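# Secondary and tertiary structure notes
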Amino acid sequence: MQITSPDFKQNARIALQDVGLQKALGNVKTGFPHKRAAAMARLPEFDQLRDEARDLKNHIIENLDIYLEAFEAKVLENGGHVHWCRTSEDARKTILNICQEKKARTVTKGKSMVTEEINLNEYLEANGVIPVETDLGEYILQLRGEHPSHIIAPAIHLNLEDVSETFHANHHKPKSMDPAVLMQEAREELRNKFVAADVGITGANFLVAETGSSIIVTNEGNGDLTQILPKTHIVVTSIEKVVPTLEDMTLFLRLLARSATGQEFTVYNTLSTGPRREGDQDGPEDYHVVLVDNGRSDMIASELREMLRCIRCAACMNHCPVYGAVGGHSYGWVYPGPMGSVLTPQMIGIEKGAMLPNASTFCGKCESVCPVRIPLPKLMRYWRRNEFEKHLTPKAARWGLGVWSFFAKRPLLYRQISKLSNAALRTLGGKKSPNQSLATGWWLDRRSRHACTERQNLYATMARKAEQWGVIMSKAEILGQIRRGLGRTDASTAARDAVAARLAAHKANLIPARAQLPEKERQQLFIDMAREAAADVIELDNLKALPSAIAEWLDQYAITELVAAVDAPLAEICQKLPETLHIRTGVAQAGDLASLTTAFLGIAETGTLMLYSRPDSPTTLNFLPDNHLVVLNRRDIVGVYEEAWAKIRERHQGKMPRTVNMITGPSRSADIEQKLQMGAHGPRRLAIFFDWLIHLRLPRFGSLRVLHSLDLLKQRDFYLPVAPEKVHLRQMF
């Protein structure tokens with residue numbers, strides 16, 4: 001990606017005159033901020049969670065080396081591979097080597113800003129590997145030969161007309177101005193590419209040290225198809241993304257969804273823990289994690305350490321008046337907005353990025369909305385001071401600051417001069433000032449642009465020499481730099497003990513209002529939240545009604561084919577479905593219309609289903625078919641995520657399933673003018689069926705719910721409401 005950050009002022013002028021861009025940016029001002037405010041209002045504990053997240057991130061940074069080592073150990077234990085990359089070049093070469101080893105010709109990619117940062121796509125193409133972006137926004141931009149202008153909504157700078165023209169030129173189909181039709185075109189075009197890809201590359205929102213898992217957060221489901229269909233899954237992410245436990249990860253997920261898009265929870269939150277296991281019918285055969293440093297370890301010892309708390313939610317740019325006026329491309333590199341004004345100078349050098357920290361009104365809105373309370377204005381001031389000390393500021397600007405400083409130290413004189421200058425500006429301005437050059441400041445930066453160009457050429461030459469020298473940093477060097485930044489040569493026994501204790505601790509009840517609900521209220525909350533997320537919820541009295549309810553739901557959409565999981569509860573249900581319905585079991589295919597699975601749990605706080613991969617329920621069933629039907633036991637609804645993780649640990653003796661899918665409603669996207677459309681890449685509809693248990697009366701034990709499937713009775717323990725001890729049902733019959 002070409003760096004144009006030194007030309008920020010020129011880029012901004014062009015952006016301000018771009019009518020189409022200004023129309024598109026209007027969607028930013030009226031969309032994300034209002035949705036975030038509404039989501040905050042629904043969660044009274046939001047600010048408390050922000051404090052928790054800030055403190056947790058600070059703890060992680062203080063012990064980053066130990067958590068990274070713990071994460072690596074778990075990945076290796078799960079059969080995966082970890083690659084430590086000090087620079088962008090190291091990361092690119094590592095990924096290319098994996099692709100070449102697998103003889104990959106095409107790779108599918110989920111949305112990843114780190115791959116943009118390391119310029120991966122261009123590098124792969126230059127070496128004979130074709131990358132295919134699968135996020136709808138990223139796919140649109142790839143067709144146009146553009147880079148993202150926003151970190152969560154890559155194509156937010158485009159209007160419907162732009163997308164229509166792009167698809168017409170590339171898909172050779174009739175031009176349409178219907179976002180639903182355009183999204184369907186993209187869905188159809190990408191289906192075969194998902195299936196044909198040799199390697200899938202995703203980012204990671206977080207890495208869990210406790211389990212060695214990576215998690216991706218999407219609304220479309222493209223990231224899930226990218227990681228479960230190819231034989232090799234490569235996770236590309238940065239070193240600061242590690243968190244201690246599953247509960248800690250959930251804390252950040254709650255903040256991320258609300259801060260980014262104003263959702264209670266993103267549609268798909270998928271944990272991946274290594275390659276496929278014995279008996280699995282789908283999933284990758286190889287699992288690689290590429291850890292990218294790229295200057296982050298250097299930030300630990302600097303005043304920029306707090307920037308490492310960033311969880312990439314984009315709230316700062318969604319609320320920034322400068323971003324809202326000029327858009328993301330004006331910033332000239334991968335990361336725009338306030339967070340980019342801090343990160344970009346660190347990664348490309350203050351010599352190239354000096355304009356960005358000055359592209360702020362310092363209104364403080366970015367800091368006020370940051371979910372981890374990063375003091376972004378303070379960090380931008382750090383770069384302004386750095387720029388000034390290195391004499392990078394144009395001479396005219398330095399002279400002006402000196403004059404301002406003289407008057408600022410003399411308040412009485414300052415007030416008099418201010419009155420005179422304000423009166424002069426009003427006179428010069430009028431209604432439409434002919435002297436706009438006074439405000440644009442062209443006379444300040446003509447010489448600086450020339451100087452920046454010379455410096456840019458110098459740094460390009462240095463970069464080429466670095467490539468020739470083949471400088472490759474190892475894991476030891478990355479960890480060494482982290483420890484030097486923390487002021488120690490190695491992790492002390494006390495530090496390791498503190499981390500071990502943190503990994504063993506599992507915080508609960510962070511949102512007590514939803515964690516402590518009575519059973520009936522908890523179940524009703526799940527139903528309400530699931531319906532709010534656009535899921536169909538069908539409530540039943542008993543098992544006998546379930547086959548007819550499923551058949552009726554399928555019939556209203558004229559669906560005559562169904563692919564089902566092969567677990568015991570569904571086997572008998574499928575036998576009772578109408579003979580006109582063609583049913584098969586096993587892995588889903590790209591053309592399947594509907595799938596039927598069971599859910600492990602329902603999570604009331606967000607109306608989320610939790611499913612996990614196992615031999616009798618392939619993960620493809622959750623994502624490939626157009627419609628996903630899920631059967632849920634009403635008694636398997638928990639209040640909050642912390643309870644869900646406790647049950648996962650209990651069920652699997654502390655070892656994570658290969659894949660855990662948290663699903664909140666059907667697939668969706670708003671990448672075309674922020675107009676919400678259902679069914680981007682995953683299922684268009686999600687139907688949840690309650691309750692699949694029969695009510696019996698036993699004279700001695702009172703009310704009891706009994707599974708109809710005897711096979712399942714052999715697998716589960718139940719608690720009787722009256723008897724004090726645990727009783728196996730199979731011992732009763």
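The preceding data block contains the structure.
Summary of the structure given here. (Residues numbered from 1 in each chain as written. Predicted model: local features only at pLDDT ≥ 70, side-chain atom pairs only at ≥ 80, totals over all residues. Heavy atoms only, no water.)

## Section: the environment of Val195
Within the secondary structure, Val195 is located in helix α11 (residues 179-196). Its relative accessible area of 49% is what places Val195 among the partly exposed residues. As for Val195 and Pro230, which are separated by 35 residues in sequence, their C-alpha atoms are 7.2 Å apart. Excluding its chain neighbours within four sequence positions, the residues that come into contact with Val195 are Leu229 and Ala590. (Helix = DSSP H or I, 4+ residues; strand = E, 2+ residues; numbered from the N terminus. Buried < 20%, exposed > 50% of the residue type's maximum accessible area, 1.4 Å probe, protein only. Contact = heavy atoms within 4.5 Å.)

## With respect to the sheet that holds strand β16 (residues 608-612)
The strand order β8-β5-β6-β9-β19-β16-β15-β18 describes an open sheet built from eight strands, whose pairing is mixed. Each of the sheet's edge strands pairs with one partner strand only, and the pair in question is β8 (242-243) and β18 (637-638). In terms of strand pairing, strand β5 (residues 206-208) meets strand β6 (residues 213-218) through three bridges, oriented antiparallel. Within the sheet, the bridge partner assigned to Phe206 lies in β6 and is Ile215. Running at roughly 165° to β5, helix α13 (residues 246-260) makes contact with β5, β6, β8, β9 (268-272) and β19 (659-663) of the sheet. (Pairing = 2+ DSSP bridges. Axes fitted to C-alpha atoms, helices over the stretch in contact; angles between N-to-C directions.)

## Structural notes on the sheet that holds strand β2 (residues 106-109)
With respect to topology, six strands assemble into an open sheet ordered β1-β10-β7-β4-β2-β3, the strand pairing being parallel. One side of each edge strand has no neighbouring strand; the edge strands of this open sheet are β1 (81-85) and β3 (130-133). Between one strand and the next, the sheet's axes are offset by a mean angle of 25°, whatever the strand orientation. Pairing of strand β7 (residues 232-238) with strand β10 (residues 286-292) involves seven bridges; the strand directions are parallel. Across the sheet, the residue bridging to Ile234 is His288, located in β10.

## Here's the deal with the pattern of salt bridges
Tallied over the entire structure, the rule returns 52 salt bridges. In this structure, the salt-bridge partner of Glu389 is Arg385, at a minimum N-O distance of 4.0 Å. Residue Glu389 and its partner Arg385 are both found in helix α20 (residues 376-389); the two are separated by four residues, about one turn of the helix. Overall, the relative accessible area of 54% leaves Glu389 in the exposed class. On the basis of relative accessibility, which here comes to 37%, the residue Arg385 falls in the partly exposed class. (Salt bridge = Lys/Arg side-chain N within 4 Å of Asp/Glu carboxyl O.)

## Some words on the packing of helix α9 (residues 136-144) against helix α10 (residues 160-171)
Two elements in contact, α9 and α10, have axes separated by 10 Å at closest approach and are oriented at 65°. The chirality of how α9 crosses α10 is left-handed. Contact residues: Leu136, Tyr139, Ile140, Leu143 and Arg144 in α9; Asp162, Val163, Thr166, Phe167, Asn170 and His171 in α10. Here the contact of α9 with α10 is composed, by residue class, of six nonpolar, three polar and two charged. (Left-handed = near helix turned anticlockwise from the far one by under 90°. Nonpolar A, V, L, I, M, F, W, Y, C, P; charged D, E, K, R; others polar.)

## Observations concerning unusual backbone geometry
For Phe362, which is not glycine, the phi dihedral falls at a positive 55°. Owing to a relative accessible area of 24%, Phe362 belongs among the partly exposed residues under this scheme. For Gln674, which is not glycine, the phi dihedral falls at a positive 55°. Mapping Gln674 onto the fold places it in the loop between β20 (668-669) and β21 (677-678).

## A look at the nonpolar core
Grouped together as the largest cluster of nonpolar side chains are 116 residues, with contacts concentrated most on Met249, Met307, Met610 and Trp645. The leading source of residues in this core is α13, at eight residues. Dropping the residues within four chain positions of it, Met249 is found in contact with Phe206, Val208, Ile215, Val243, Leu271, Trp645 and Met662. Residues Leu160, Met529, Leu611 and Ile637 belong to the second largest nonpolar core, which totals 66 residues. (Core = buried A, V, L, I, M, F, W, Y, C linked by side-chain atoms within 4.5 Å.)

## Some remarks on the pairing of β19
Burial of β19 is extensive: five of the five residues sit out of reach of the surface. Of the two faces of β19, both are covered, the one formed by Thr659, Asn661 and Ile663 as well as the one formed by Val660 and Met662. Note that β9 and β19 share five bridges and pair antiparallel. Bridged to Tyr268 within β19 is Ile663.

## Some points on the state of the cysteines
Across all of its chains, the model carries zero disulfides by this definition. Not part of a disulfide, Cys366 finds its nearest cysteine sulfur in Cys363, a span of 6.3 Å. For Cys366, a relative accessible area of 8% corresponds to the buried category. (Disulfide = S-S within 2.5 Å.)

## Notes on the packing of helix α17 (residues 337-348) against α20
In the contact formed by α17 and α20, the axes pass within 9 Å of each other and the chain directions differ by 35°. In the packing of α17 onto α20, the handedness of the crossing is left-handed. Taken together, the residues of α20 that come into contact with α17 (itself represented by Pro338, Met339, Ser341, Val342, Pro345 and Gln346) are Leu376, Leu379, Met380 and Trp383. For the contact of α17 with α20, the per-class residue count stands at eight nonpolar, two polar and no charged.

## Focus: the side chain of Arg187
Checked against the element boundaries, Arg187 lands in helix α11. Under the relative-accessibility criterion, Arg187 is labelled buried at 3%. For Arg187, the side chain forms a polar contact with the side chain of Asp626, separated by 2.7 Å. With sequence-adjacent residues up to four places away left out, Arg187 is seen in contact with Leu624, Pro625, Asp626, Gly679, Ala680, His681, Gly682 and Arg684. (Polar contact = N/O pair within 3.5 Å; in protein donor to acceptor, adjacent residues only side chain to side chain.)

## Side note on a nonpolar patch on the surface
Together, Phe406, Leu413, Ile417 and Leu420 make up a nonpolar patch on the protein surface, roughly 360 Å² of accessible area in all. Of the residues forming the nonpolar patch, the biggest block, three residues, is contributed by helix α22 (residues 411-429). When you line up the elements, Leu413 lands in helix α22. Overall, the relative accessible area of 35% leaves Leu413 in the partly exposed class. (Patch = residues over 30% accessible without salt bridge, like charges linked within 9 Å, V, L, I, M, F, W, Y side chains within 5 Å. Areas by Shrake-Rupley, 256 points an atom, 1.4 Å probe, with all protein chains shown as cover.)

## Overview of the packing of aromatic side chains
Aromatic ring pairs: the centre-centre distance and the angle between the two ring planes describe each pair. On inspection of all chains with the given rule, the structure shows eleven aromatic pairs. Centre to centre, the rings of Tyr139 and Phe167 are 6.0 Å apart; their planes meet at 65°, and the pair counts as edge-to-face. Of this pair, Tyr139 sits in helix α9 while Phe167 sits in helix α10; the two residues are 28 residues apart in sequence, bridging distant segments of the chain. In this structure Phe167 comes out as buried when scored by relative accessible area, which is 1%. Ring pairing ties together the aromatic residues Phe8, Tyr323 and Tyr331, which thus form one cluster. The ring of Tyr335 is capped by Arg312, whose NZ or CZ atom sits 5.3 Å from the centre of that ring. For the cation-ring pair, Arg384 lies above Phe362, with the distance from its terminal atom to the ring centre recorded as 4.1 Å. (Phe/Tyr/Trp six-rings, centres within 6.5 Å; stacked < 30°, edge-to-face > 60°. Lys NZ or Arg CZ within 6 Å of the ring centre and 35° of its normal.)

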